[in-house]
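Remarks on the overall topology
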Amino acid sequence: MKFRTLLATLAVSALVGLGNVPAFAKTPDDQLVIGVSLVNMLSLDPAAMSGRESMEMNSNVYDQLVESDPVNLGTYHPRLAKSWEIADDHMSITFKLRDDVKFNSGNPLTAEDFIWSFWRAFKLGIGGSTLRVYGYTADNIRELVTAPDPHTIVMRLPKPNDPMLLLDVVSSTGVLMVIDKKLALEHAKDGDEGQAWLTTHSAGSGPYVLRNWQANNSVILERSDDYWGEKPKLRRIIYRHMPESQSQRLALQRADIDIAMGMAVSDITALQKDEKLKTAPVRSGNVYYLAASMKDDKYANKNVRLALRHLIDYEGINNTILPFYGKLLQRPVPPGLPGSLPDPMYKFDAELAKKYLAEAGYPNGFSTTIRVLADSPFVNIATALQATLAQGGIKAEILTGNGDQVYGAMRARSFELIVGRGGDRNGSNAYSALMALAYNPNNADDAKLFTLQAWRTGFYSAEINEMLDQALLEPDAAKQKKMYEDIQLLYEQLVPSLQPISLSYDTVVYQADLVNYIPHPFQNTRYRDTYKQR
C-alpha cells in the first residue's frame, strides 16, 4: 500500500471511530468525501427529514418503487417495482414488485412495508403535503393503497388527477421511500412508529446504511454487505461539514474531498481553471424568493407587498450573488414548460415603493425581521435585500439560523420576512410549479400543508384554487396551457406573499476522476454506480 493511501485510510478510520473530521489526506480510491454544509440537517427519518443533503443521503440508503431519470425528466426507471400499469380510467396505478429484495436487516421487503411507510408519515403528521392535496389522509391510505398479494401494490387516487403526477411523487418524495416496518417498530417508543430512532438510524434496502451522524460535523454511509442489488464500488460515503467556501476550495485543490456543494461564486470561478476539477450546474424547479407572512398585519396589506416587489434588486442579486446558483425568474412557472410566461421585469424603484408604503399607512416605513439560513448564497441575498429595503424606509434586522429556525418558523406560520428557496423541486410541469407556490386549499393553521408555500405564507385565493383544479383535468393541451397562463396573471394581480427572484441551480465542483457521477435535479443523486478512475 502506498504511504499516502495508508495515511488516508488511517484518517478515515479515525473519522469512523472518533467522529472527528480527518486531517487533510488524499481520499482513498474506494471512499467518497463530500464537503457540504450540514447546518440544515435535523433528521434522517425519510418522512421527517429536512434539507437537500438529507434527501441525497436517504436516496442512497432507502429505495423507491421507481426512480426518475436525472437527465431526461419525466422518464422513470424500475427499482423496487419491476413494472407498473396505469388503469384505463386513470384512477389507479398498479405496481408489480421484485420478489428478491431484502432490507439491510435481512427482512424481506413486501408491499406492506410500502403501505405502512406511507401511512406512518400521515399518522405522525410529519410529511406528504403534496399527497395530502391529492386527497390522501391517515384515515384513507389503507383503503386506497392496497396489496392484493405481497408483491403487488395498487394505488388508487382519492379524486380525479393526472396519474403521471402521482408517479412523479412516488419517484421523488421521501415519504414514499420504503422503510423496514419490522425493524422500525422494534425501536418504537410511545407510539412514535420508530421516529425517534429513525432520526439517527436507518432501516432501508439501499446500497448504503447510515453508520454515523454527528450534527454539524459529519455523516458516514457504509456500503451494505447485504444489499440485494449489484455491489457498489465505493465502500464508504463521507459528508464533511464544511460551511466555509474557501475551506472547500482548498480541500478540492489538495484532493482532500471529492465533491464540494454550496461554494461561493468567486471560488467556483477560480476553480474552473483547474483541469483536475469539473463543474456541473444542475437545474431544479425551486426558486429563490422573498416571502412575507400575510398573518402579519403589515404584509396582509396589498400595498406593502407591492412595495416589497419594487424593493428587490433582481438584476443585481442574480448578476453578483447567484451566478452558478440561479437565473432571473419573477414568475412561479419556470421557462420552457407549457404555460410559462415571460418575466414581467419588475425593477428596483425605491420612490415607487415609498408611494405604496405611504398609501398603506406607513409614510415613514417600519421595522421588520428577515429570517435566513446562515449559508451562502441565502445570507448574501438577505444582506442585499436589507440594503434595498432600507432605501424604501423598511429597517430589516437579519436573523440567521439553521433549517429548523428558518423553515420551522415558516411551517409554524410565525415570521415576518424570509429569504429562502423552495417550490416544486422537480420542475417538470406547470401544474406542480403553481401548486407549490400559489395553491392553498385550506388556509387554517391546522391544515399543515407544509410544502405549499402559499399556505406557509397565508396567501389564499379561492379563484386560483378553482382554476388550478380545473386546469389539472383539462384534456385539451392548448386550453390547459392558456389556463396556466391566466392563473399566473391573476397571481401577479393579487400580489402574492412570495416573490420569486431566481430559478434555482445547484453548482457542484468535483474531481475529474469521478466516473458515473450524475447530480440529480430532484436531490436524488445516487452513488451506487459511481467510482474513481485513477
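Summary of the structure given here. (Residues numbered from 1 in each chain as written. Predicted model: local features only at pLDDT ≥ 70, side-chain atom pairs only at ≥ 80, totals over all residues. Heavy atoms only, no water.)

A word on the overall build of the protein chain
- Within the protein chain, the secondary structure is distributed over 20 helices and 19 strands.
- Computed over its C-alpha atoms, the radius of gyration of the protein chain comes to 23 Å, within 12% of the 24 Å expected for a compact globule of 534 residues.
- Principal-axis analysis of the C-alpha atoms places the extent of the protein chain at approximately 70 × 55 × 45 Å.
- Counting only residues that meet the buried cut, the protein chain has 59% of its 534 residues in that class.
- When the accessible area of the protein chain is evaluated, it comes to approximately 21100 Å², of which 49% is carbon and sulfur surface. (Helix = DSSP H or I, 4+ residues; strand = E, 2+ residues; numbered from the N terminus. Rg over C-alpha atoms; globule rule 2.2 N^0.38 Å. Buried < 20%, exposed > 50% of the residue type's maximum accessible area, 1.4 Å probe, protein only. Areas by Shrake-Rupley, 256 points an atom, 1.4 Å probe, with all protein chains shown as cover.)

Points about the nonpolar core
- Counting residues in hydrophobic clusters, the biggest one holds 164 residues, and the most contacted among them are Phe118 and Tyr136.
- Not counting the four nearest positions on each side in its chain, Tyr136 is found in contact with Phe118, Phe122, Leu131, Ile141, Leu144, Val145, Met155, Arg156, Leu157, Pro158 and Leu166. (Core = buried A, V, L, I, M, F, W, Y, C linked by side-chain atoms within 4.5 Å. Contact = heavy atoms within 4.5 Å.)

Describing the packing of aromatic side chains
- Across all of its chains, the model carries 12 aromatic pairs by this definition.
- Aromatic pair Tyr362 and Phe366: ring centres 5.1 Å apart, planes at 65 degrees, arrangement edge-to-face.
- Relative to Trp455, the ring of Phe450 lies with its centre 5.8 Å away and its plane at 80 degrees, an arrangement referred to as edge-to-face.
- Judged by its relative accessible area of 19%, Phe450 is buried.
- Between Arg142 and the ring centre of Trp119, over which it is positioned, the NZ or CZ distance is 5.5 Å.
- Positioned above the aromatic ring of Trp455 is the side chain of Arg413, whose terminal nitrogen or guanidinium carbon lies 4.7 Å from the ring centre. (Phe/Tyr/Trp six-rings, centres within 6.5 Å; stacked < 30°, edge-to-face > 60°. Lys NZ or Arg CZ within 6 Å of the ring centre and 35° of its normal.)

A closer look at the pairing of strand β15 (residues 394-401)
- Note: strand β14 (residues 366-373) against β15, eight bridges, orientation parallel. Looking across to β15, one finds that Val372 is bridged to Thr400.
- Note that the unit made of β14, helix α15 (residues 378-391) and β15 has a crossover that is right-handed. (Pairing = 2+ DSSP bridges. Right-handed = clockwise from strand over helix to strand, strands pointing away.)

Regarding the sheet that holds strand β6 (residues 145-149)
- Strands sit in the order β4-β5-β7-β6 across an open sheet of four strands; the sheet is antiparallel. Two strands lie at the open edges of the sheet, namely β4 (81-86) and β6, each paired on one side alone. Between one strand axis and the next, the sheet turns through 20 degrees on average, direction left out of account.
- Taken together, the five bridges between strand β5 (residues 92-97) and strand β7 (residues 152-156) define a ladder with antiparallel strand orientation. Residue pairing across strands places Lys96 opposite Thr152, the latter belonging to β7.
- The sheet contacts of helix α3 (residues 111-124) involve β5, β6 and β7, and relative to β6 the element is tilted by about 170 degrees.
- Of the strands in this sheet, β4, β5 and β7 touch helix α6 (residues 163-172), which is tilted by about 40 degrees from β5. (Axes fitted to C-alpha atoms, helices over the stretch in contact; angles between N-to-C directions.)

A look at the side chain of Thr173
- Mapped onto the secondary structure, Thr173 falls in the loop between α6 and α7 (181-186).
- Here Thr173 falls in the buried class, since its relative accessible area comes to 18%.

Here we look at unusual backbone geometry
- In this structure, Pro377 follows Ser376 across a cis peptide bond, with omega equal to 5 degrees.
- Along the chain, the position of Pro377 falls in the loop between β14 and α15.
- Positive phi values are uncommon outside glycine, yet His90 reaches one of about 60 degrees.
- Within the element layout of this structure, His90 appears in the loop between β4 and β5.
- The phi dihedral of Lys448 is positive, around 55 degrees, even though this residue is not glycine.
- Relative to the elements of secondary structure, Lys448 occurs in the loop between α17 (430-438) and α18 (453-457).
- Assessed through its relative accessible area of 43%, Lys448 is described here as partly exposed.

Focus: the pairing of strand β12 (residues 277-292)
- Counting buried residues along β12, 12 of its 16 residues qualify, which places the element largely inside the surrounding structure.
- With 12 bridges connecting them, β12 and strand β17 (residues 498-511) associate as antiparallel partners. Opposite Tyr288, over in β17, you have Ser502 as the bridge partner.
- Alignment of β12 against strand β16 (residues 417-423), held across seven bridges, turns out to be antiparallel. Looking at the pairing, Ala291 lines up with Ile418 of β16.

As for α15
- The end-to-end C-alpha separation of α15 is 20 Å, in line with the 20 Å expected for 14 residues at 1.5 Å each.
- Downstream of α15 by one or two residues, Gly393 has phi in the positive range, about 100 degrees. (Expected span 1.5 Å × (residues − 1).)

Some words on helix α2 (residues 52-59)
- Burial runs high along α2: eight of the eight residues are buried.
- Along α2, the residues that are buried comprise Arg52, Glu53, Ser54, Met55, Glu56, Met57, Asn58 and Ser59.

Topic: the environment of Phe415
- Tracing the sequence through the fold places Phe415 in the loop between α16 (403-411) and β16.
- Along the sequence, Phe415 and Thr457 sit 42 residues apart, while their C-alpha atoms lie 8.8 Å from each other.
- If near-sequence neighbours (up to four positions away) are discounted, Phe415 is found in contact with Ala291, Ala292, Ser293, Arg371, Ala409, Met410, Arg456 and Thr457.

All quantities given are derived from atomic positions and should not be read as evidence of function.
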